Amino acid sequence: MPDRATRVRQEVVTVTAVLDDRVVDDLDATGLAWTLGLPPMTSPALVWADSGRGARPEAAPAVPPGARVVDLGAVEDFPIPDTDVAQLVAMLGSVPVAEVSGAALVNGVAAWQQVLNMVEAAQAVWVRELEARTPDALRHVPDELACALVSTRRHAENLFLRAWGTAQHPALADAWTAGAVAARKVDVILDEVGRGGGSLSRSEVAAVVADAVDRAETMTGPQLTRHVRATLIAADPAVAEQRRVVERERRGVFLDLAPDAMARLIAYLPAAEATAAFTAIDALAGHAALDGDERTVDQRRADAFSDVFMSILDRQATPDGTALPTRHGQRVALQVTVAASTLAGLDDAPAVLGSYGPIPAQVARELAQDATWRRVLTDPATGQACSVGTQSYRPGADLTRTVQARDVTCTFPGCRQPATRCEIDHRVPYDFTRDQELHDPQTCESNLHALCKHHHQAKTDGWWTVTYDRTTGVSSWTDRHGITSARHPVPVLVPPQALHHRPPPPPRADRDDPPF
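What counts and how
- Residues numbered from 1 in each chain as written.
- Predicted model: local features only at pLDDT ≥ 70, side-chain atom pairs only at ≥ 80, totals over all residues.
- Heavy atoms only, no water.
- Pairing = 2+ DSSP bridges.
- Helix = DSSP H or I, 4+ residues; strand = E, 2+ residues; numbered from the N terminus.
- Core = buried A, V, L, I, M, F, W, Y, C linked by side-chain atoms within 4.5 Å.
- Buried < 20%, exposed > 50% of the residue type's maximum accessible area, 1.4 Å probe, protein only.
- Contact = heavy atoms within 4.5 Å.
- Arc of directions from axis to C-beta.
- Axes fitted to C-alpha atoms, helices over the stretch in contact; angles between N-to-C directions.
- Parallel < 35°, antiparallel > 145°, perpendicular 65-115°, else oblique.
- Left-handed = near helix turned anticlockwise from the far one by under 90°.
- Nonpolar A, V, L, I, M, F, W, Y, C, P; charged D, E, K, R; others polar.
- Polar contact = N/O pair within 3.5 Å; in protein donor to acceptor, adjacent residues only side chain to side chain.
- Lys, Arg positive; Asp, Glu negative; His and termini not counted.
- Salt bridge = Lys/Arg side-chain N within 4 Å of Asp/Glu carboxyl O.
- Patch = residues over 30% accessible without salt bridge, like charges linked within 9 Å, V, L, I, M, F, W, Y side chains within 5 Å.
- Areas by Shrake-Rupley, 256 points an atom, 1.4 Å probe, with all protein chains shown as cover.

What is the right way to look at the pairing of strand E6 (residues 262-268) in this model?
A regular strand places its side chains on the two faces of the sheet in alternate fashion. For strand E5 (residues 252-258) and E6, the ladder comprises seven bridges, and the chain directions are antiparallel. Among the inter-strand pairings, Leu 257 is bridged to a residue of E6, identified as Ala 263. Hairpin connection of E5 to E6: three residues between the antiparallel strands, including Asp 260 at a positive phi of 60°.

In structure tokens form, the structure reads like this:
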């Protein structure tokens, strides 16, 4: 019996569509569907029409025999039923968008969203196949996808979990494949069922998912979240308590970077603790502004909140007097890298705030007023830190600080974990059988790099190998398939001239006649 690929190739048909009296041959829509991993095309070709207000009837194409007409000016239902992604792309690609009605444009956007949903569902088929071939897939496949897509690991992990989750719920997978549900709503259903459906039977979970799929077409993401949550609670009241216990384990505080030297500090807490924190902040801010204080109540709350933690860093102790723990033998503090010329006011080159990124010169000057300074020498060619000044620290602390300042973050491609929160790892594993000299050649700046715990363990387990080019500062990571991704160095200070584009210098004129 021929395999699926062979059967599909044998069923490929050629679609001929007449558009503006022109014949477009060899529109191999079934071949495209096969490539995407979708079922082959079995329904008639699609041709668009436009009955919307202001439409130009002469712009619409002629309808060939047996074709199916989709009136973009008055689409009765989305997703457009009984079609595949290749047909839909071919039809939408033939629409002259500048010549159709406003209704057709709106419905066309919705139709393209159906295409996106169908394509993402097709991509998930490939992810599921990769998952099936990989032992301990959740641990390793997202790293491979993150490198291939040049994305964060979290984004790649979301792709992985979405692909795996829809495979557990056929009704959801079918709706996604048909373009009826967007990836965002797929995530809503999977997240809610995953957290709250643990005590339900398989048939009860299937009923909840089927109901959610039916509702998804008429609800926004937040509306769907509330609906699925209420459905789960109604199915089993004990789910509410189970969800509360599970969610409490996910509590945490997160730094979300924003433009213009701003950021959001997000605390995910149990409701009682979050309400208590806000009540205290509100009390510190005061219920009314003092005379001459032009700050809004939100600004006063923000300032009161930040004052609490700035005070803790200044005193290196908590409000009850407990000393703050150190990291790598160093006190916990803000780290700002700024050129001496910028501090002196000779230029306004951007500075760098650790764990955040570039900040304006004036912010750095304000922070430097009450700061302890440390000299950092940088490589003028790459901007990487090559030496950090020290006076009296434990042996090896200066090398640790140099590696942290040079690497800035974990050196795995795309990972943004700050180096100060990473582990210091030997690129070439430390060999304890070697005779150690006075100056250990294995523990040196060129053989050390910062790695977060996850990527450190992945390297130790042999899923990745890494090489380092000391000249360029590039770390090359190779996965088990032989695919290599590069992590380029992060300059800790950018010279002002690098921010200005200049034309290349003119070629040097030859002073002598070339030899013949």
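After presenting the structure, the write-up continues.
Where do I start with the nonpolar core in this structure?
Where a protein is soluble and globular, its nonpolar side chains tend to be buried together. With 32 residues, the main nonpolar core has Leu 172, Ile 189, Val 193, Val 209, Leu 224 and Val 228 as its most contacted residues. Broken down by secondary-structure element, the contributors of at least two residues to this core are helix H4 (102-132), helix H5 (137-149), helix H6 (153-167), helix H7 (170-177), helix H8 (183-196), helix H9 (202-216) and helix H10 (221-235). Other than its neighbours up to four places away in sequence, Leu 224 contacts Lys 185, Val 188, Ile 189, Ala 212, Arg 215, Ala 216 and Met 219. Ranked by size, the runner-up nonpolar core spans 17 residues in total, among them Ala 59, Ile 80, Met 91 and Leu 92.

How do you make sense of unusual backbone geometry when you look at a structure like this?
Glycine aside, the phi torsion of most residues is negative, and most peptide linkages are trans. Along the chain, Phe 78 connects to Pro 79 via a cis peptide bond; the corresponding omega equals 0°. When you line up the elements, Pro 79 lands in the loop between strand E4 (68-71) and helix H3 (85-93). If you check the backbone angles, Asp 136 has positive phi at about 50° while not being a glycine. Position of Asp 136 relative to the elements: it lies in the loop between H4 and H5. For Ala 261, which is not glycine, the phi torsion reads 55° and is therefore positive.

Would you mind showing me how to read helix H17 (residues 453-460) here?
Three- or four-residue spacings in an α-helix give side chains the same orientation, since the helix completes a turn every 3.6 residues. Within the span of H17, buried status applies to His 455, His 456, Ala 458 and Lys 459. Viewed along the axis of H17, the buried residues span an arc of 160°, placing them on a single side of the element. Away from its buried face by more than 90 degrees, H17 exposes Lys 453 and Thr 460. In the segment just after H17, Gly 462 is the residue with positive phi, at about 90°.

What am I meant to see in the packing of H9 against H10 here?
The axes of two packed helices give the description: the angle between them and the distance between them. It is the contact of H9 with H10, at a shortest axis distance of 10 Å, that shows an interaxial angle of 155°. The orientation of H9 relative to H10 falls into the category roughly antiparallel. Remark: the crossing between H9 and H10 carries right-handed chirality. Between H9 and H10, the contacting residues are Val 208, Asp 211, Ala 212, Arg 215 and Ala 216 on the first element and Leu 224, His 227, Val 228, Thr 231 and Leu 232 on the second. Within the contact of H9 with H10, the residues separate by chemical class into six nonpolar, two polar and two charged.

How do you make sense of H3 when you look at a structure like this?
Here H3 has its buried residues at Val 85, Ala 86, Gln 87, Leu 88, Met 91 and Leu 92. A distance of 3.2 Å separates the backbone nitrogen of Ala 86 from a side-chain oxygen at the start of H3, and that oxygen is part of Asp 84.

Where do I start with the sheet that holds strand E14 (residues 465-469) in this structure?
Within a beta sheet, neighbouring strands are joined by backbone hydrogen bonds and run either parallel or antiparallel to one another. Here we have three strands laid out as an open sheet, ordered E14-E15-E16, and antiparallel in their pairing. Edge positions in the sheet fall to E14 and strand E16 (484-487), since each of these pairs with one other strand and no more. Within the sheet, the average angular offset between the axes of one strand and its neighbour, ignoring direction, is 25°.

Looking at this structure, how should I read the side chain of Asp 479?
Relative to the helices and strands, Asp 479 resides in the loop between strand E15 (474-478) and E16. Buried charge Asp 479 goes without a salt bridge, the closest partner of opposite sign being Arg 480 at 6.3 Å. In terms of polar contacts, Asp 479 uses its side chain to reach the backbone amide nitrogen of His 481, at 2.9 Å. A distance of 2.9 Å separates a polar side-chain atom of Asp 479 from the backbone nitrogen of Ile 483. In this view, Asp 479 contacts Glu 144, Trp 463 and Trp 464; residues no more than four positions away in its chain are not counted.

Explain the environment of Ala 173 to me, please; I cannot follow it from the model alone.
Tracing the backbone shows Ala 173 in helix H7. On the accessibility criterion, Ala 173 (15% relative accessible area) is buried. Between the C-alpha atom of Ala 173 and that of Arg 162, which follows or precedes it by eleven residues, the distance is 9.9 Å.

So what exactly am I meant to see when it comes to a nonpolar patch on the surface here?
Residues Val 253, Leu 255, Leu 257, Leu 265, Leu 284, Phe 305, Val 308 and Phe 309 make up a contiguous nonpolar surface patch of roughly 710 Å² in combined accessible area. Elements supplying a minimum of two residues to the nonpolar patch: E5 and helix H13 (297-315). Looking at where Leu 255 falls in the secondary structure, it is placed in strand E5.

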